[in-house]
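Examination of the molecular architecture
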Amino acid sequence: MAGLLAIAVLLFLAGCGYQADSSVETNDVQAPTPLSATVSPETEAEPVTEPLFPDLQAEFTDPRFSSTPSPIGTFDFLHHSFPLPRGWQNPDGSEIELTNGKVDAVPGTAPEDVSDEEKARLRAERRIGMSHVATRYFDATGDGQDEAIIILKIETTGNALPHVVYVYEWKEDQPELIWHFRTGDRADGGLKDIRPENGEVVVELYGQDRFLLGEVETGKITGDEVQLCCPTFFTRTVYKYNGRDFLRQGDRLTYAVGDPTTPPLKNYGEVVNEKLKKKG
């Protein structure tokens, strides 16, 4: 009877997936490896990758317009002084002077535990930092001669990408500045591209209905709220040189970044303002 009982126990254990250890008595068994401890290759977690942000400087740093037979193409703009546009001046009104294409910023910040006189002195020493990004050569004035378009980045302590653009013509064996302007930061009016077209200059800025007024770009319109890293719209405007100034021509055209072939919105800021006026 005892033998039959032992046989029944062994058959039950075998049916439950247990294996007897031959080195011990038959009633001393090992439990199987838990399923949770076995990880198949298919269930392994994939490595987490950082999101890729678009290169917002790609267009105006590409090889287009990178050389010219004009004498201005031999001038060394990496060691040159540039005026600062409205809103970005040094406290003393001085120009920036690049050395090897760069000038370091001086923060001008002061600790709280110093005297007011020391704070004023340090703030007066604040200086804008700049670095050279690209130099392009094309006919910006429609006279058949290439100008130099110098694009500098304003140095900040973060990821911001504000730029200042300078347009020089060659006159009396030296460059002469005929236009300069600053742009915003990435999706907030940042520079997308600048290029020639039919004797005029096309400027594209990120954002809805963003264009240039003198030395600065316009502010954003109501509802144009996106992450700075990833603009969803850009505005194309055209400027013509009249011998003294670059004047905007035609409509301001807002395109979708994801599909620039779709029909643009014309002068969209005026459309938005008209809608707000009717609601008010």
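See the structure above.
Parameters at a glance
- Residues numbered from 1 in each chain as written.
- Predicted model: local features only at pLDDT ≥ 70, side-chain atom pairs only at ≥ 80, totals over all residues.
- Heavy atoms only, no water.
- Helix = DSSP H or I, 4+ residues; strand = E, 2+ residues; numbered from the N terminus.
- Buried < 20%, exposed > 50% of the residue type's maximum accessible area, 1.4 Å probe, protein only.
- Salt bridge = Lys/Arg side-chain N within 4 Å of Asp/Glu carboxyl O.
- Phe/Tyr/Trp six-rings, centres within 6.5 Å; stacked < 30°, edge-to-face > 60°.
- Lys NZ or Arg CZ within 6 Å of the ring centre and 35° of its normal.
- Core = buried A, V, L, I, M, F, W, Y, C linked by side-chain atoms within 4.5 Å.
- Pairing = 2+ DSSP bridges.
- Contact = heavy atoms within 4.5 Å.
- Polar contact = N/O pair within 3.5 Å; in protein donor to acceptor, adjacent residues only side chain to side chain.

1. A closer look at the overall build of the protein chain
Of the regular secondary structure elements, the protein chain holds three helices and 16 strands. Across the 280 residues of the protein chain, 36% fall into the buried class.

2. Some thoughts on the pattern of salt bridges
One pass over the full model with this rule turns up 23 salt bridges. We note a salt bridge from glutamate 59 to lysine 192, for which the minimum N-O separation is 2.7 Å. Here glutamate 59 is found in the loop between strand 2 (29-30) and strand 3 (81-82), whereas its partner lysine 192 is found in strand 10 (residues 191-197), with 133 residues between them in sequence. On the accessibility criterion, glutamate 59 (27% relative accessible area) is partly exposed. A relative accessible area of 9% places lysine 192 in the buried class. In this structure, glutamate 217 engages arginine 182 in a salt bridge whose closest nitrogen and oxygen atoms are separated by 3.2 Å. Of the two residues, glutamate 217 sits in strand 13 (residues 216-217) while arginine 182 sits in strand 9 (residues 174-182), which places them 35 residues apart along the sequence. There is no split in this pair, since glutamate 217 and arginine 182 are both buried. Through salt bridges with shared partners, a single ionic network connects Glu59, Asp62, Arg64, Arg136, Lys192, Asp193, Arg195, Glu204 and Arg236.

3. Focus: the packing of aromatic side chains
Two aromatic rings, taken as a pair, are described by how far apart their centres are and by the angle between their planes. Applying the stated criterion across every chain yields a total of eleven aromatic pairs. Between the aromatic rings of phenylalanine 82 and tyrosine 168, the centroid separation amounts to 6.1 Å while the plane-to-plane angle is 75°, which identifies the pairing as edge-to-face. A residue pair is termed long-range when its members are at least 10 positions apart, and phenylalanine 82 in strand 3 and tyrosine 168 in strand 8 (residues 163-171) qualify at 86 residues. Here the two residues phenylalanine 82 and tyrosine 168 agree in accessibility, since each one is buried. Aromatic ring contacts, followed pair by pair, group Phe75, Phe77, Phe82, Tyr166, Tyr168 and Trp170 into a single cluster. The ring of phenylalanine 234 is capped by lysine 192, whose NZ or CZ atom sits 4.1 Å from the centre of that ring. Between the NZ or CZ atom of arginine 236 and the centre of the ring of tyrosine 255, over which it lies, the distance is 4.5 Å.

4. A look at the nonpolar core
Among the nonpolar cores identified, the biggest contains 21 residues, and Ile151, Trp179, Ile194, Val203 and Phe246 are the most heavily contacted of them. Sorting the residues of this core by element identifies strand 6 (129-138), strand 7 (147-155), strand 8, strand 9, strand 10, strand 11 (200-206) and strand 14 (233-241) as the ones contributing at least two each.

5. Things to note about the sheet that holds strand 9
Taken in spatial order, the five strands line up as 5-6-7-8-9 in an open sheet, and their pairing is antiparallel. Edge strands, defined here as strands with exactly one partner in the open sheet, are strand 5 (102-103) and strand 9. Sheet topology note: the strand 5/strand 6 ladder contains two bridges and is antiparallel. Looking across to strand 6, one finds that lysine 102 is bridged to serine 131.

6. Thoughts on the sheet that holds strand 15 (residues 246-256)
The strands making up a sheet associate through hydrogen bonds between their backbones, and the pairing can be parallel or antiparallel. Spatially, 10-11-14-15-16 is the arrangement adopted by the five strands of the open sheet, whose pairing is antiparallel. Looking along the sheet, the strands with just one partner apiece sit at the ends: strand 10 and strand 16 (265-266).

7. Section: the side chain of asparagine 267
Relative to the helices and strands, asparagine 267 resides in the loop between strand 16 and helix 3 (268-279). Take asparagine 267: its relative accessible area is 15%, and that puts it in the buried class. The residues contacting asparagine 267, other than those within four sequence positions of it, are Asp209, Asp251 and Arg252.

8. Things to note about the side chain of histidine 163
With respect to the helices and strands, histidine 163 occurs in strand 8. Overall, histidine 163 belongs to the buried group, its relative accessible area being 1%. There is a polar contact of 2.7 Å between the side chain of histidine 163 and the side chain of glutamine 57. Within polar-contact distance, the side chain of histidine 163 engages the backbone oxygen of leucine 161 at 3.0 Å.

9. A closer look at the environment of proline 91
Looking at the secondary structure, you find proline 91 in the loop between strand 3 and strand 4 (96-97). Proline 91 sits 33 residues away from alanine 124 along the chain, and the two C-alpha atoms are 5.8 Å apart. Once residues lying within four places of it in the same chain are set aside, the contact partners of proline 91 are Arg123, Ala124, Arg126 and Arg127.

10. Describing unusual backbone geometry
You will see that arginine 186, though not glycine, has its phi angle at about 50°, which is positive. Note on placement: arginine 186 falls in the loop between strand 9 and strand 10. Phi angles above zero are rare outside glycine, and aspartate 209 is one such case at about 50°. Structurally, the position occupied by aspartate 209 is in the loop between strand 11 and strand 12 (212-213). Judged by relative accessible area, which is 3%, aspartate 209 ranks as buried.

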